[in-house]
Amino acid sequence: MNHKLMLGAGALLGFAALSVCAGPQKGSADLLIADFEGPSYGDGWKAEGDAFGSGPAKGSFPKQRKVSGFLGKGFVNSYLNGDASTGSLTSPEFKIERDYVKFLIGGGALEGRTCVNLLVDGAAVRSMAGANGEELMPAGWNVSDLKGRNARIQIIDNSSGGWGHITMDQIVQSDVKPEAFLENQSRPMTMKEGRYLLLPIKNGARKLRLCVKDQAGALVRAMNVELADGDFDWQAPVDMEGFAGKTVSVCVDRLLEGSKGLANISVSNVLPGVLPAKDPVRPQFHFTSRFGWLNDPNGLVHSGGLWHLYYQHNPYGLEWENMHWGHAVSKDLVHWTELPAAMRPWTFAKGHAFSGSAVVDKENVAGFGANAMIAFLTDTAAGEAIAYSNDNGRTFKYWEGNPVVKHGGRDPKVFWFQPGRHWVMAVYDEDKESKSIAIYTSKNLKEWTFQSKNEGFYECPELFPLAVDGKASDTRWLMYGADNQHLLGSFDGKSFSPASPERTKGNYGNCLYAAQTYNSTPDGRRIQIGWARASFKGSVFNQAMTVPVELSLRKSAEGVKLFSNPVKELESLRRARQEFPKMKLDSASKAVQGASAELADVLAELSLGGASSVSLKVSGATVSYDASAGRLSCCGCSAPLKLSGGKLNLRILADRGILEIFANDGEVYMPVALPKEIQPDSSISAGASGEGASLERLTVFKMEPAW
Ligand code: FRU
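In what follows, the accompanying structure is described.

What counts as what
Residues numbered from 1 in each chain as written. Predicted model: local features only at pLDDT ≥ 70, side-chain atom pairs only at ≥ 80, totals over all residues. Heavy atoms only, no water. Salt bridge = Lys/Arg side-chain N within 4 Å of Asp/Glu carboxyl O. Helix = DSSP H or I, 4+ residues; strand = E, 2+ residues; numbered from the N terminus. Buried < 20%, exposed > 50% of the residue type's maximum accessible area, 1.4 Å probe, protein only. Phe/Tyr/Trp six-rings, centres within 6.5 Å; stacked < 30°, edge-to-face > 60°. Lys NZ or Arg CZ within 6 Å of the ring centre and 35° of its normal. Near = heavy atom within 4 Å. Polar contact = N/O pair within 3.5 Å; in protein donor to acceptor, adjacent residues only side chain to side chain. Areas by Shrake-Rupley, 256 points an atom, 1.4 Å probe, with all protein chains shown as cover. Nonpolar A, V, L, I, M, F, W, Y, C, P; charged D, E, K, R; others polar. Pairing = 2+ DSSP bridges. Contact = heavy atoms within 4.5 Å. Core = buried A, V, L, I, M, F, W, Y, C linked by side-chain atoms within 4.5 Å.

### Regarding the pattern of salt bridges
Here's step 1: A complete count under the given rule lists 34 salt bridges for this structure.
Here's step 2: Residue Arg254 is joined to Glu135 by a salt bridge in which the shortest nitrogen-to-oxygen separation is 2.9 Å. With Arg254 in strand 18 (residues 247-256) and Glu135 in strand 10 (residues 133-142), the pair connects residues that are 119 residues apart, well separated along the chain.
Here's step 3: Classification of Arg254 by relative accessible area gives buried; the value is 9%.
Here's step 4: Of the charged contacts in the structure, one is a salt bridge between Asp523 and Arg525, with a shortest N-O distance of 2.9 Å.

Okay, here's the thing in structure tokens:
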């Protein structure tokens, strides 16, 4: 759609609503020509050539960027054999009975070559191409002059070069004029009243591409964003640090005619919305970003007296998009200060700034300066890349020699290997045959040599040593991927040899993913933070991090086992302490009078006696132990656990939306994102099946918000 004004139905909802009823507008209900939801294109549709195959596509094809904007599951996609394939797809004849023919269209902007035609008497009387994008956009033609004539839709792919494909969906006849989009709109804005541009966001709105350019026209911010045309759900601040007093240009690739999206962007020095500590849905001692989405923790490193927490971050929407490295720092692993994002997609990294790690280069082997912080990230448009910082991780520079490793993988975890005096990169690698963790080594952090591979792992690798029962002479190495299931073994600096092929879960919860451990901890502790996949609706943020846990290996009757416990620093949030006397348990779960689990650190000891199970209900979720199965369960999660002397010790960190359960001093770690069905309440109750069980001890600390 290379013309200034694009015709389109704009709000996708418009389509859905109109096909059900005609609405207040003039004319009759829409007539569906094709929605491509069936296994074939439909009766009378004819495909020629090799671009369209025998029926609709159900998504992107291999090597194609993600296609979006289609309705339902099926749509036309001529990328079947890549851009090289060509062909046509022609509809059966239909009579033109409405004023407009409307559709969703994407793919190449090659007029006459990757386009849709309206054929009347075999001649193309209307034609339209895509806009070099994989998002299908609403568009259409006024066909009122052709009413009563017979016509066909002909979709053509006559190009085998770049963007030589077309995508289409939802072709209808309608009496409602398609809404129009204005292309390439911009607005100058002066950063006088503050450092933030506040973007009005409507969750779920069709995304547009928004750019901010400086006075010289250079791109300084870029993002895909659900800009609200009218009323907005929330305002996403774009941090324009460094632009005080300057005029920038805010540009969008398209705007619905009449949209207030651009006009409603404002400049402010104040972060909008409720304060995090006052937000009724926000966790209070689990890290969440102030605005937007987060996923994997990245670049965990202790440097310059600070614990750095970088993370995959979309500051401008509540879903995965625009991957930045968000950044927060803490002096105590408990209270976090969010700083401006350390790396931005498209203006810092060439593509998205995907996951990775960070180290401190004390001896300046890389030549970026002594004590430079060096981050390793996956730049989706380059490969494994280096970014370095000379201000303790606040701002980074992208190394011009990138990429340092180029392969089919991502998520480099780099660490120092003291015995060999070299650096190690454990990085996820994938090709057609295998998914694995690859090991590379380096002396200078810039040149990397491939050493070995361990197969059967997926994303976000970790590899680190732990001393069994704290004895350095008995050190084992753990290797895990994003699912946190580890192998125990040995590592000689170049290859990891598992002692047994059996994997063990590092946690038994329902939300932890892509956990990473800190580099350069001052006291040698191995501290892990994971992404807690917990969804928070009705606020300005989404997802959280688990609390930092300290990992240890301990010998037990069942062999060497991994234990996880909240870092001791979290105890600094403990306030009022409540102690409750021993309580006998019976079949009806009984409330512990006066106990409140609203933001709490709950410590309980239960003894089974002759009971077959015991349970403790906290925040509406029941944690239960089944003696005959030897399993601990909560919200559909379940873990094997053997009790000694019939005693179960539980520590439960109860925050909004998340319960982290630690059983028997960390032998079982179960971080739980509370499912929607759970009605959180502040009571604590306990029960048992069978005789003789009791709640021996219950201590509840009120937790102070970390905000
Ligand atoms: C894991 C992951 C990583 C990738 C990142 C992108 O959750 O898919 O492999 O680097 O997220 O946000």
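Back to the write-up after that little detour.
### Concerning the packing of aromatic side chains
Here's step 1: This structure, assessed with the given rule, holds 28 aromatic pairs.
Here's step 2: Ring geometry for Trp320 versus Phe354: centroids 5.8 Å apart, planes at 80°, classification edge-to-face. Within this pair, whereas Trp320 is found in the loop between strand 21 (306-314) and strand 22 (324-330), its partner Phe354 is found in strand 24 (residues 353-361), the two being separated by 34 residues in sequence.
Here's step 3: You can call Trp320 partly exposed: its relative accessible area is 37%.
Here's step 4: Taken together, a centroid distance of 5.8 Å and an interplanar angle of 85° make the contact between Phe464 and Tyr480 edge-to-face. On the criterion of sequence distance, the pair formed by Phe464 in strand 32 (residues 462-468) and Tyr480 in strand 33 (residues 471-480) is long-range, its members being 16 residues apart. One exposure class covers both Phe464 and Tyr480, and it is buried.
Here's step 5: Feature note: the residues Phe415, Phe417, Trp477 and Phe491 constitute an aromatic cluster, connected by ring pairs.
Here's step 6: Over the ring of Phe368 we find Lys446, and its NZ or CZ is 4.7 Å from the ring centre.
Here's step 7: Geometry around Phe457 places Arg503 over its ring, the cationic atom sitting 4.0 Å from the centre.

### Some details on the site of the ligand
Here's step 1: The immediate surroundings of the ligand are formed by 13 residues, with Asp296, Gln312, Trp320, Arg410 and Asp411 found nearest.
Here's step 2: Here an oxygen atom of the ligand and a side-chain polar atom of Asn295 are 3.0 Å apart.
Here's step 3: Isolated, the ligand exposes 320 Å² of accessible area, and the fraction of that covered by the protein chains is 91%.
Here's step 4: Elements that contribute at least two residues to the shell around the ligand include exactly strand 20 (292-303), strand 24 and strand 28 (410-417).
Here's step 5: Grouping the constituent residues of the shell around the ligand by class yields six nonpolar, three polar and four charged.

### Some words on the sheet that holds strand 27 (residues 397-398)
Here's step 1: Strand order across the open sheet formed by four strands is 24-25-26-27, with antiparallel pairing between neighbours. Looking at the sheet topology across the chains shown, the edges are occupied by strand 24 and strand 27.
Here's step 2: Bridging between strand 25 (residues 372-379) and strand 26 (residues 383-389) involves seven bridges; their strand directions are antiparallel. Paired with Met373 across the bridge in strand 26 is Ser389.

### Remarks on the side chain of Asn314
Here's step 1: Relative to the assigned elements, Asn314 resides in strand 21.
Here's step 2: With relative accessibility at 2%, the residue Asn314 sits in the buried group.
Here's step 3: Within the structure, Asn314 has its side chain in polar contact with the backbone nitrogen of Tyr316 (distance 3.1 Å).
Here's step 4: Among all residues touching Asn314, those that are not within four sequence positions of it are Phe291, Gly292, Trp293, Glu319, Trp320, Glu321, Asn322 and Met323.

### Examining the environment of Leu653
Here's step 1: The topology assignment puts Leu653 in strand 51 (residues 647-655).
Here's step 2: Once you skip the residues sitting within four places of it in the chain, Leu653 turns out to touch Phe285, Val547, Pro566, Leu570, Ala600, Asp601, Ile658, Leu659, Glu660, Phe662 and Met703.

### A look at the sheet that holds strand 39 (residues 541-542)
Sheets are built from strands paired through backbone hydrogen bonds, the pairs being either parallel or antiparallel.
Here's step 1: Spatial strand order, 23-22-21-20-39: five strands in an open sheet with mixed pairing. In this open sheet, the two strands that pair with only one neighbour each are strand 23 (336-343) and strand 39.

### Description of the nonpolar core
Here's step 1: Of all hydrophobic cores here, the largest spans 45 residues; its most connected members are Phe285, Phe287, Leu309, Trp336, Tyr518 and Leu553.
Here's step 2: Breaking this core down by element, the ones donating at least two residues are strand 20, strand 21, strand 32, strand 33, strand 37 (512-517), strand 38 (527-532), strand 41 (549-556) and strand 42 (559-566).
Here's step 3: In this structure, Leu650, Leu659, Leu674 and Leu698 belong to the second largest nonpolar core, which totals 43 residues.

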